[in-house]
Structure formats: structure tokens, C-alpha cells
Amino acid sequence: LKKGSSVQIPFKNVFNEKQAFDFSIDTPSLFSVSPAQADLAPKSSTTINVTFTGTEDGTSATGRLLVTPRGNTTLPPWIFYLSGQN
């Protein structure tokens, strides 16, 4: 991503039941995510918007978008790797 730009990432609830998901960034000072959570019907999809806010020193940066199923601690999060360039 370039500084100030965003990307829409499709995400699908692969479960056979309704599931709530939390969306978070491991480097929130560099990237932002919207929405922060979603309740998805079985097999339905949504779009996660990620924006690169940029670094102060003009260097490139990396981060991770974590999609965590709420209430199910046995499942690991989905991980989307992010890269931003000023």
C-alpha cells in the first residue's frame, strides 16, 4: 500500500453457523482497519478495509491484519500480511 491509500480485503465466514469476528492490526500506528468487528451468517462474506497511514521517517513498513473468531479460543486467527511504502 502507498501512504494514505487503502485496500479492501474480502473475508468469508467458513463456518456452518453464525460467527462474530474481531479485526485488528498488530501495528495500529501504521495501519488502520474498518470495521473492527463483524457478525457473519454462515458462509457469508464481508469486506475489511485496511489503510496505510504512513511512517514519520518515510521508510516502508509491515504489519499484520488479524481476524479472530470471537468466543472460540481454540481457533488461531487468520493472518493477512501487510506492506506499506511512503
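Residues numbered from 1 in each chain as written. Predicted model: local features only at pLDDT ≥ 70, side-chain atom pairs only at ≥ 80, totals over all residues. Heavy atoms only, no water.

**Here we look at the overall build of the protein**
If you tally the helices and strands in the protein, you get 0 helices and 7 strands. Across the protein, helices and strands are ordered from the amino to the carboxyl terminus as β-β-β-β-β-β-β. Overall size of the protein, expressed as C-alpha extent along the three principal axes, is 45 × 20 × 15 Å. Across the 86 residues that make up the protein, the buried fraction comes to 31%. In the protein, of all internal contacts separated by at least 6 residues, the share reaching a separation of at least 24 is 59%. Surface summary for the protein: the accessible area is close to 5,200 Å², and the carbon and sulfur share equals 51%. If the 7 positive side-chain charges of the protein are averaged to one point and the 6 negative ones to another, these points end up 9 Å apart. (Helix = DSSP H or I, 4+ residues; strand = E, 2+ residues; numbered from the N terminus. Buried < 20%, exposed > 50% of the residue type's maximum accessible area, 1.4 Å probe, protein only. Contact = heavy atoms within 4.5 Å. Areas by Shrake-Rupley, 256 points an atom, 1.4 Å probe, with all protein chains shown as cover. Lys, Arg positive; Asp, Glu negative; His and termini not counted. Charge placed at Lys NZ, Arg CZ, Asp CG, Glu CD.)

**Some details on the packing of aromatic side chains**
Going through the model one piece at a time under the given rule, you end up with 7 aromatic pairs. Relative to Trp 78, the ring of Phe 21 lies with its centre 5.8 Å away and its plane at 70 degrees, an arrangement referred to as edge-to-face. In this pair, Phe 21 is assigned in strand β2 (residues 19-25) and Trp 78 in strand β7 (residues 78-84), connecting sequence segments 57 residues apart. For Trp 78, a relative accessible area of 29% translates into the label partly exposed. Members of the aromatic cluster, each reached through a chain of ring pairs, are Phe 11, Phe 15, Phe 21, Phe 23 and Trp 78. (Phe/Tyr/Trp six-rings, centres within 6.5 Å; stacked < 30°, edge-to-face > 60°.)

**A closer look at the environment of Phe 11**
Along the chain, the position of Phe 11 falls in strand β1 (residues 6-12). Residue Phe 11 is classed as buried on the basis of its relative accessible area of 4%. In sequence terms Phe 11 and Thr 47 are 36 residues apart; their C-alpha atoms lie 6.0 Å from each other.

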